[in-house]
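# Coordinate inspection notes
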Amino acid sequence: MGHNMFSPRRGPWSSRDPWRGWWGEDPPFRHPVFVLTHHPREPVEMANGTTFHFVTGGIYEALERAREAAGDLDIRIGGGVATIQQYLRAGLIDRLHLAVVPVLLGRGERLLDGFDTVPGYECAALSSAGTVVHVQLVRSASEE
């Protein structure tokens, strides 16, 4: 995940007010989480098995560390928008699940801003339930 998804604070981490994530002391992850940031920070360990590791070396370093930690398990990229865009542009996402809900939120970041198409991906599944549309994009066979 990106720095902005982990914390509302921008810039260097503060030792006076050590933010530990939006989720309180019981985050839903229960496994290592790698946070992309420009600002070094020691890992934050939570009692439920979640450890937030702060990665300053970019998306490739974060992915490599996640692969080492995951072993044979899947790796999930949690965003925010800038993080997902970087991994999409690099072609490092195998499957992208978008849940589209028609809600007017006002300002914010748009996931697909700057993309005419999502290059190298095709729609594998499209379904709806109530007011939610689920779109699953997978990397094209020719891109693998």
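Residues numbered from 1 in each chain as written. Predicted model: local features only at pLDDT ≥ 70, side-chain atom pairs only at ≥ 80, totals over all residues. Heavy atoms only, no water.

## Concerning the overall build of the protein chain
Per the secondary structure count, the protein chain includes three helices and six strands. Its helices and strands in sequence order give the protein chain the pattern α-β-β-β-α-α-β-β-β, from N to C terminus. Along the longest, intermediate and shortest principal axes, the C-alpha atoms of the protein chain span 45 × 35 × 30 Å. Each of the 144 residues in the protein chain was classed as buried or not, and the buried ones make up 33%. Put simply, of all contacts in the protein chain between residues at least 6 apart along the chain, 46% involve residues at least 24 apart. For the protein chain, the exposed surface amounts to about 9,600 Å²; the carbon and sulfur share of it is 51%. Looking at charge distribution, the protein chain has the averaged site of its 14 positive side-chain charges lying 8 Å from that of its 17 negative ones. (Helix = DSSP H or I, 4+ residues; strand = E, 2+ residues; numbered from the N terminus. Buried < 20%, exposed > 50% of the residue type's maximum accessible area, 1.4 Å probe, protein only. Contact = heavy atoms within 4.5 Å. Areas by Shrake-Rupley, 256 points an atom, 1.4 Å probe, with all protein chains shown as cover. Lys, Arg positive; Asp, Glu negative; His and termini not counted. Charge placed at Lys NZ, Arg CZ, Asp CG, Glu CD.)

## Comments concerning the environment of Glu-122
By secondary structure assignment, the location of Glu-122 is in strand E5 (residues 121–129). Spatially, the C-alpha atoms of Glu-122 and Ser-140 are 5.9 Å apart, while their sequence positions differ by 18 residues. Setting aside chain neighbours within four positions, we find Glu-122 in contact with Gln-136, Leu-137, Val-138 and Ser-140.

## Quick look at helix H3 (residues 81–89)
Of the residues making up H3, those classed as buried are Val-81, Thr-83, Ile-84, Gln-85, Tyr-87 and Leu-88. Following H3 by one or two positions, Gly-91 has its phi on the positive side, about 70°.

## Looking at helix H2 (residues 59–70)
An ideal rise of 1.5 Å per residue puts 16 Å on twelve residues; H2 measures up with 16 Å between its terminal C-alpha atoms. The complete set of buried residues in H2 reads Ile-59, Ala-62, Leu-63, Ala-66 and Ala-70. An end-on view of H2 places all buried positions within 100° of arc, on one side of the element. Along H2, the residues that are exposed and aim more than 90 degrees away from the buried face are Tyr-60 and Glu-68. In the core, the buried residues of H2 are packed alongside strand E1 (32–36), strand E3 (51–55) and H3. At the exit of H2 stands Gly-71, carrying a positive phi of roughly 65°. (Expected span 1.5 Å × (residues − 1). Arc of directions from axis to C-beta.)

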